[in-house]
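Notes for the structure review
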Amino acid sequence: MIKNKFIVIEGLEGAGKTHACIYIKNTLNKYNIKNVILVRQPGSTPIAEEIRNLIKKNFNTEDFTKETELLLMYAARIQLVKKIIQPALKRGMWVISDRHDLSSLAYQGGGLGIQEKKIIQLKNLFLRGFIPDLTIYLDVFPKIGLKRALNRNSLDRIERRKLEFFKKTRKIYLKNTQSDQKIIKINANLNINTVQKNIKKKILNWLKQQII
Ligand code: Z5A
């Protein structure tokens, strides 16, 4: 038997997170874990989706301060955690989230330069000890990820930032994912079939360790 879990997928745009979330859900289903919900951050509740639209919107007359951007990310996160994720976990559901708090450390910390300790204070204040059971970090070079994102749609406000922003973001992802036992790093520069094969191998191995 395996207790239900909270799994997070992290990475830059175009890393393949959305694909990975669906792929992991299907893999769990095949192993008879059927009670799985997918969420995304920011978003996945009516209020958090409104915040998402606001964050992604290009304003011609005014830009967000970096602090506003961080607080909006956290507002959406808390809304989702309290309204959907924690109640679902309590009901015995598995939850897979496309992004979580590592995104704020990487984007608003690494990319925008907000001090890490301030972001961690925010995390401790509102998320307290609530942490994912497993995080899969899909590591992609910014140039490759942005090219994939650009092939798919027009760029939103954050995606329009310079390559340097995403290099700094990736640097912090790499720093924060290197020595945590609950984080698995996958090379997402490879073709999608190889990435999926590697995700499956890691997930199945991890599941074996979760049997109680
Ligand atoms: N953000 C933040 O700043 N701080 C925070 O705390 C949080 C978020 C939570 C969310 O936008 C934005 O919010 C995001 C970070 C910021 N902004 N940026 N920039 P989003 O949800 O719209 O964007 P995203 O999270 O970056 O997702 P994405 O662009 O949709 O990328 P993805 O989910 O990682 O990739 P995908 O949709 O699975 O695949 C993208 C395309 O690449 C698609 O055409 C695939 O077929 C292709 N793909 C995927 N994998 C491969 C491989 N391996 N090879 C070739 N092609 C591939």
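As recorded in an unreviewed UniProt entry, the chain goes by the name Thymidylate kinase, listed as coming from Buchnera aphidicola str. USDA. Regarding the chain, the relevant UniProt record gives this comment under Sequence similarities (unreviewed entry): "Belongs to the thymidylate kinase family." According to the UniProt record, the Function (unreviewed entry) comment for the chain reads "Phosphorylation of dTMP to form dTDP in both de novo and salvage pathways of dTTP synthesis."

1. Regarding the overall build of the chain
Helix and strand counts for the chain stand at eight helices and five strands. Going from the N terminus to the C terminus, the chain shows its helices and strands as β-α-β-α-α-β-α-α-β-α-α-β-α. Based on the C-alpha atoms only, the size of the chain along its principal axes is roughly 55 × 35 × 30 Å. Burial analysis of the chain (212 residues in total) assigns 49% to the buried set. Within the chain, contacts between residues separated by at least 24 positions form 81% of all contacts whose residues are at least 6 apart in sequence. For the chain, the accessible surface area stands at approximately 11,600 Å², while carbon and sulfur atoms represent 54% of it. Of the side-chain charges in the chain, 41 are positive and 17 negative, and the distance between the mean point of each set is 7 Å.

2. Details of the UniProt feature "domain: Thymidylate kinase-like" (unreviewed entry) in the chain
Within this numbering scheme, the UniProt entry marks residues 9-199 as carrying the feature "domain: Thymidylate kinase-like" (unreviewed entry). The span residues 9-199 shows a helical share of 55% and a strand share of 13%, and its end C-alpha atoms are spaced 11 Å apart.

3. What to know about the environment of Gln178
In this fold, Gln178 is placed in the loop between helix 7 (163-177) and strand 5 (183-187). Overall, Gln178 belongs to the exposed group, its relative accessible area being 65%. On a C-alpha basis, the gap between Gln178 and Ile33 in space is 29 Å, while along the polypeptide they are 145 residues apart.

4. What to know about the site of the ligand
In the vicinity of the ligand there are 29 residues, among which Glu13, Lys17, Thr18, Lys56 and Ser104 approach most closely. Note that an oxygen atom of the ligand is positioned 2.9 Å from one of the side-chain N or O atoms of His19. Protein contacts shield 86% of the accessible area of the ligand, which totals 1,100 Å² for the unbound molecule. A per-element tally of the shell around the ligand places helix 4 (residues 101-111) first, with four residues. A breakdown of the residues in the shell around the ligand according to their chemical character gives eleven nonpolar, nine polar and nine charged.

Reading the values: rules and limits
- As a convention, each chain's residues are numbered from 1 in the sequence order in which they are written.
- It should be noted that, the model being predicted, local features are given only for residues of pLDDT at least 70 and side-chain atom pairs only at 80 or more, the latter also being counted only at that level, while totals for whole chains, interfaces and linings use all residues.
- Side-chain calculation: all heavy atoms of the structure are included, whereas hydrogens and water are not.
- UniProt positions are given in the numbering used here, feature names are shortened, and annotations may be inferred rather than shown by experiment.
- Helix and strand assignments come from DSSP, with helices taken as H or I runs of at least 4 residues and strands as E runs of at least 2, each series counted from the N terminus.
- Partly exposed residues are those whose accessible area sits between 20% and 50% of the maximum for their type, while under 20% is buried and over 50% is exposed, using a 1.4 Å probe and protein chains only.
- In this analysis, two residues are considered to be in contact whenever any of their non-hydrogen atoms come within 4.5 Å of each other.
- Using a 1.4 Å probe, accessible areas were evaluated by the Shrake-Rupley method; residue-level cover was limited to the displayed protein chains.
- His residues and chain termini do not enter the charge count, which takes Lys and Arg as positive and Asp and Glu as negative.
- Here the site of a charge means NZ on Lys, CZ on Arg, CG on Asp, or CD on Glu.
- Nearness is defined per residue: one heavy atom within 4 Å of the molecule or strand is enough.
- In protein, a polar contact means a hydrogen-donor-capable atom and an acceptor-capable atom, both N or O and within 3.5 Å, with residues adjacent in sequence counting only if both atoms are side-chain atoms; elsewhere, any N or O pair within 3.5 Å suffices.
- Only Asp, Glu, Lys and Arg are considered charged, only Ala, Val, Leu, Ile, Met, Phe, Trp, Tyr, Cys and Pro nonpolar, and every remaining residue, Gly among them, polar.

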